[in-house]
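Spelled out, the chains give:
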Amino acid sequence: MNHTWFILSLLLYVGVFPYGFSKNVSRPAIVKIGAIFTFNSTIGRVAKIAMEEAVKDVNFNSSILPGTKLNLTMQDSNCSGFFGMVEALEFMETDTVAIIGPQSSVVAHIISQVANELKVPLLSFGATDPTLSSLQFPFFVRTTQSDLYEMTAVADIVDHYGWKAVIAIFIDDDYGRNGMLALEDKLAERRCRISYKAGISPGSGVNRGDIMDLLIKVALMESRIIVLHVNPDSGFLVLSVAQYLGMMGNGYVWIATDWLSYFLDSAAPLPLENNMDSMQGVLVLRQHTPESDRKRAFFSRWKKLTGGSLGLHSYGLYAYDSVWLLAHALEAFFEQGGVISFSNDSRIHSLGGGNLHLEAMSIFDDGNLLLKNILQSNLVGLTGPIKFNSDRSLILPAYDIINVIGTGSRRIGYWSNYSGLSVVPPETLYERPPNRSSTNQKLYSVIWPGETLTKPRGWVFPNNGKLLRIGVPNRASYREFVSKIQGTENFKGFCIDVFTAAVSLLPYAVPYQFIPFGDGHKNPSYAELVHSITTGQFDAAVGDITIVTNRTKIVDFTQPFAASGLVVVAPFKKLNSGAWAFLRPFNARMWTITACFFLVIGIVVWILEHRINDEFRGPPKRQLITILWFSLSTMFFAHRENTVSTLGRMVLIIWLFVVLIINSSYTASLTSILTVQQLSSPIKGIESLKEGDEPIGYQVGSFAEHYLEELGISKSRLVELGSPEAYAQALQNGPKKGGVVAIVDELPYIELFLSSQCKYRVVGQEFTKSGWGFAFPRDSPLAIDLSTTILQLSENGDLQRIHDKWLLHSACSSDSTEIESDQLQLKSFWGLFLICGVACFSALFIYFVQIMLRLCRTPPDSVSEGSNSSLSVGVRRLFSLLDEKEDLSNQGSKRRKVERSLSDNSKESELGSITRRQTEITAGSNINSSS
């Protein structure tokens, strides 16, 4: 009986209550956790109180870790990686299961190595270096936001305001350098860049003189957008010196990362050499924490704890939540049967240790399980949802964007990784679909440095004594566009006047100098000129530079100031009227089709009228003449033959309408030919050149050579020509005498060439559409500003006046003539011919249907059928019926009666007139006899 009870008790112990007993047995009364941070720092002072209060709340709350208390031990790293490592090793001697901290990214890099070896999770509420999230540090868990998202927010702000380059001032350690790398990547994604990086020593040895030297270099730079990613001590020193140097005034933009926001939120006293005046207009980022009842209650509690002497910032909230995150992870750890136990590492014992007592350090056996539960946590804290994504970063990163004004600050909007910039809290946007479109990116107005609401341009010309080096093509021909003034370094021409006029409209001065490109004896290569900008030889290029695709890939162009496109110029000959000029209104096909239709109409009308109209009957010769005469006489509406049938009249009416249109068109075209001078050229356009094999001329240095090669024209056919005189000579000689068949060049040059050369004309259409613009390096802000002023020149008429000044010349007297005006083509009349053809076919179809019906009703001749085949008999019957004179008596008695009455009346009237004449003659003779 005793053995039975023992077995039942053992089964109950092992099978029924294993989980309940494991909770009570494996849960220790005290769990040791550590914290490493800098006590005497803006973050540390707040974090210390926040973590102490969090431990109290966890230990007081019976719903989490029942029967277990957290024991928090804090160590001061004093922002030293060495001291932080020593303190971490000390924790390993006391069976610490997790470490909260450090706040410094530099210290985190070192301690993470210790945490990896000893398998102790490291929960940092202040280390924001993006590289700490790499796979190199598996036991590092960031419980705050990464600088990767903060730099994304900075890049979005820069892009939102249209700036292209920034200057980065950063603390030269892991925190600053890796933050700048993240910023550089995010700016590059938006086609922006860091134009200059200035590092500050992370030690305490930096002084005001060092900062002043640094900022003087910054002031000489082009960009006026400065991103400040430092610690509070260095940051306030930079702002103070910047105010002293006048760099907190109009035109400057200062963007500070969250070091300034948590300092201001903590209400810590500013350094003596600094005050709020040194940061007016600065944009500041602050980690966003959503509003909640718990957060508001904790803020009220905080004021009571500190008496209002120390403000609570976001890092304090993250420190508080880190303790709760660890408590929930420990709860899950114990629920899964985790046991807090440590074991010695044989590798450490083999080192000996000496006086370091390394053998006292031990490895957390279930550290991986605790780490897994930390990363799988899902709770809501004072900072909002606490949950990690696949990159071990907190979900839903967001920042407040603050504008420092007066003695305080004003929030101008938010940034979230979900929807970018907005004036709506991120919590509201999470309920909507994500929208990163540019129209959805909004911020409230900003009071910029210098107390202005006008958005700074963001750049100036470098104040280092250097002029803007502008390359100008030193042309040998077409000097009206751009040319060097002999004996000077100055240039003149249409393009130069446009550039100087555009620069004069800019709201700032542009120091520049023109540098000739080319020797002046031959037109330079414009492709090489543009490429010189990318190599740094020139800061810009001004001239008649065509905007083409391969150039836009390496430089930026302004708004086009002149339209341009390739055209073909060829010689022409005048067409005299001559003896056969009357044939020229129609082309050969038109004449052929018209003549055929005249014959077709005559035949169709003859078929329709032959049986019932005596005028279309008679011997074959007479009928053939009738057909020809009738068809040709309709050309002049002079036909005498009457049409009796309805179908014949329908066909004739439609055909007469067609003839009317043809006659009118012929008359108008012939009049034009005989009164307007006509020009002719064997070249019709670019297609004619592609099909031929004659040489083609182009201007030296032009992109036309490359374009023609892309069209499939052999390079051996292309001939370089350097001047208008060379153009004229080559065209005059022609291919047989060593010249060219045509010239391909841009329209502005050709217009100038044709103003003095009246023997040549543009043939075909302009086959490229482009324009001339001024070239600048990629993302140059000056290109954007000059585009605006060029549009102003176009709108106020100055651009046209400059054009007329340089390029308006008297044209040839024959400019109004055209090259080989188009003949009248068949395609212009095919609709009329189609209507007429359909009418003829319809009439013939109806007619033959009537004939076939009549043929079926006519009884066959039995004698003839017996002697011949049925097919030949049927054909003969059909032709006999077609040729047979239709008996009009079958068409109704009414018509016969009318005709008979008309004939009788005519006979009676003739007899009456004869009787009257005889009576008069008899009476006359009686009178004579009586007399």
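The structure we're discussing is the one just above.
The paragraphs below set out a description of the structure included in this document. Every value quoted in this text rests on a predicted model; they were computed, and no experiment measured them.

### Describing the overall build of the protein
Broken down by element type, the protein carries 31 helices and 34 strands. When the 931 residues of the protein are sorted by exposure, 47% land in the buried category. In the protein, the proportion of contacts linking residues at least 24 apart, taken out of those at least 6 apart, comes to 73%. As displayed, the protein has an accessible area near 45,900 Å², and 57% of this comes from carbon and sulfur atoms.

### Regarding empty space enclosed by the protein
Unfilled space is identified by rolling a water-sized probe across the atoms. Evaluation of the coordinates by the stated rule reveals three cavities of 30 Å³ or more. One number sums up the size of the largest cavity: a volume of about 80 Å³. If you trace the largest cavity, you find 13 residues lining it, with Tyr-526, Gly-701, Ser-702, Glu-746 and Tyr-749 closest to the centre. Class assignment of the residues belonging to the lining of the largest cavity gives a composition of five nonpolar, four polar and four charged. By volume, the second largest cavity amounts to about 40 Å³. As for the second largest cavity, its lining consists of Thr-143, Tyr-318, Asp-321, Leu-325, Thr-383, Pro-385, Ile-386 and Leu-394. Among the secondary structure elements, those contributing two or more residues to the lining of the second largest cavity are α12 (314-335) and β14 (384-387).

### Comments concerning the sheet that holds strand β8 (residues 225-229)
In spatial order, the strands read β7-β6-β8-β9-β10-β15-β16-β17; together these eight strands make up an open sheet with mixed pairing. In this open sheet, the two strands that pair with only one neighbour each are β7 (193-200) and β17 (420-422). Sheet twist, expressed as the average angle between the axes of neighbouring strands with direction ignored, equals 25°. Of the strand pairs in this sheet, strand β10 (residues 283-287) and strand β15 (residues 398-405) are connected by five bridges, and their pairing is antiparallel.

### Concerning the pairing of strand β18 (residues 468-473)
Along β18, five of the six residues are buried, which leaves the element largely enclosed by surrounding structure. Two elements, β18 and strand β21 (residues 512-517), share six bridges in a ladder whose sense is parallel. For Ile-470, the partnering residue across the bridge sits in β21 and is Phe-514. Taken together, the two bridges between β18 and strand β22 (residues 540-541) define a ladder with parallel strand orientation. Considered in β22, the bridge of Ile-470 is made with Ala-540.

### Brief notes about helix α17 (residues 526-534)
Along an α-helix, residues three or four positions apart point the same way, because every turn accommodates 3.6 residues. Listing the buried residues of α17 in full gives Tyr-526, Leu-529, Val-530, Ser-532 and Ile-533. What you see down the axis of α17 is that its buried residues fit within an arc of 150°, all on one side. The secondary structure elements touched by the buried residues of α17 are β18, β21, β22, α18 (549-552), α25 (747-754) and β33 (775-776). Just downstream of α17, Gly-536 is the residue with a positive phi angle, here 90°.

### A look at the nonpolar core
Core analysis: the largest hydrophobic core is formed by 105 residues, its most contacted members being Met-51, Leu-70, Ile-169, Leu-215 and Trp-254. Residue contributions to this core peak at 14 residues, all from α12. Apart from residues lying up to four places away in sequence, Ile-169 is in contact with Ala-198, Ile-200, Leu-214, Leu-215, Val-218, Ile-226, Val-227, Leu-228, His-229, Val-230, Val-238 and Trp-254.

### Points about the packing of helix α19 (residues 588-609) against helix α20 (residues 620-633)
When two helices pack together, their arrangement is given by the angle between the helix axes and the distance between those axes. Running from N to C, α19 and α20 cross one another at 125°; their axes reach a closest spacing of 8 Å. Between α19 and α20, the angle is such that the two are oblique. For the element pair α19 and α20, the recorded crossing hand is right-handed. Listed contacts from α20 to Phe-598, Leu-599, Gly-602, Ile-603, Val-605 and Trp-606 of α19 are Gln-623, Ile-627, Leu-628, Phe-630, Ser-631 and Leu-632. By residue class, the composition of the contact of α19 with α20 is nine nonpolar, three polar and no charged.

### Re the pattern of salt bridges
Counted according to the given criterion, the structure contains 29 salt bridges. Measuring nitrogen to oxygen at the nearest pair gives 3.8 Å for the salt bridge that ties Lys-186 to Glu-189. Note that Lys-186 and Glu-189 are positioned in helix α7 (residues 174-189) at a spacing of three residues, about one turn of the helix. Glu-189 sits in the exposed class, given a relative accessible area of 56%. Between Lys-484 and Glu-489 there is a salt bridge, with its nearest N and O atoms 4.0 Å apart. Through salt bridges with shared partners, a single ionic network connects Asp-156, Lys-186, Glu-189, Arg-190 and Arg-436.

### Brief notes about helix α4 (residues 81-92)
In this model, α4 (12 residues) spans 17 Å end to end at C-alpha, consistent with the 16 Å of a helix rising 1.5 Å per residue. Taken together, the buried positions of α4 are Gly-81, Gly-84, Glu-87, Ala-88, Phe-91 and Met-92. Along the long axis of α4, the arc covered by the buried residues comes to 150°, so they all point the same way. The inward-facing, buried residues of α4 contact β1 (30-37), β2 (69-76), β3 (98-100), α5 (105-118) and β12 (362-364).

Cut-offs and rules
- Along each chain, residues carry numbers from 1 onward, in the same order as the chain's sequence is written.
- Only residues with pLDDT of at least 70 get local features here, since the model is predicted, and only at 80 or more are side-chain atom pairs given and counted; chain-wide, interface and lining totals rely on the full set of residues.
- Note that the side-chain values use all heavy atoms of the structure and ignore hydrogens as well as water.
- Numbering goes from the N terminus for both helices and strands, where a helix is a DSSP run of H or I of at least four residues and a strand is a run of E of at least two.
- Partly exposed describes any residue whose relative accessible area lies between the buried limit of under 20% and the exposed limit of over 50%, with all areas from a 1.4 Å probe on protein chains only and scaled to the type maximum.
- Residues are treated as being in contact if the distance between any of their heavy atoms lies within 4.5 Å.
- Here the open area of atoms and residues is found with the Shrake-Rupley method and a 1.4 Å probe, where only the protein chains shown may cover a residue.
- Only protein atoms enter the 1 Å grid, on which a cavity is a set of points fitting a 1.4 Å probe that cannot get out and a pocket is an open set with protein on both sides within 12 Å along at least 5 of 7 lines, lining residues being those with an atom within 4 Å of a point.
- Grid points are joined across faces, edges and corners, and a volume is the space filled by probe spheres set on the points.
- Only Asp, Glu, Lys and Arg are considered charged in this grouping, and only Ala, Val, Leu, Ile, Met, Phe, Trp, Tyr, Cys and Pro are considered nonpolar; every other residue, Gly among them, is considered polar.
- By this definition, two strands are paired if DSSP reports at least two bridges between them.
- The convention used is that axes are lines fitted to C-alpha atoms, helices contributing only their stretch in contact, and that angles between N-to-C directions extend from 0 to 180 degrees.
- In this description, the arc belongs to the directions extending from the helix axis to the C-beta atoms.
- In this text, buried Ala, Val, Leu, Ile, Met, Phe, Trp, Tyr and Cys residues form a nonpolar core when linked through side-chain atoms within 4.5 Å.
- Any angle that is under 35 degrees is reported as roughly parallel, and any over 145 degrees as roughly antiparallel; angles of 65 to 115 degrees are reported as roughly perpendicular and all others as oblique.
- Here a crossing is taken to be left-handed if its near helix is turned anticlockwise relative to the far helix by less than a right angle, and right-handed if that turn runs clockwise.
- One side-chain nitrogen of Lys or Arg within 4 Å of one carboxyl oxygen of Asp or Glu is enough to make a salt bridge.
- Here a helix's expected span is defined as the number of its residues, less one, multiplied by 1.5 Å.

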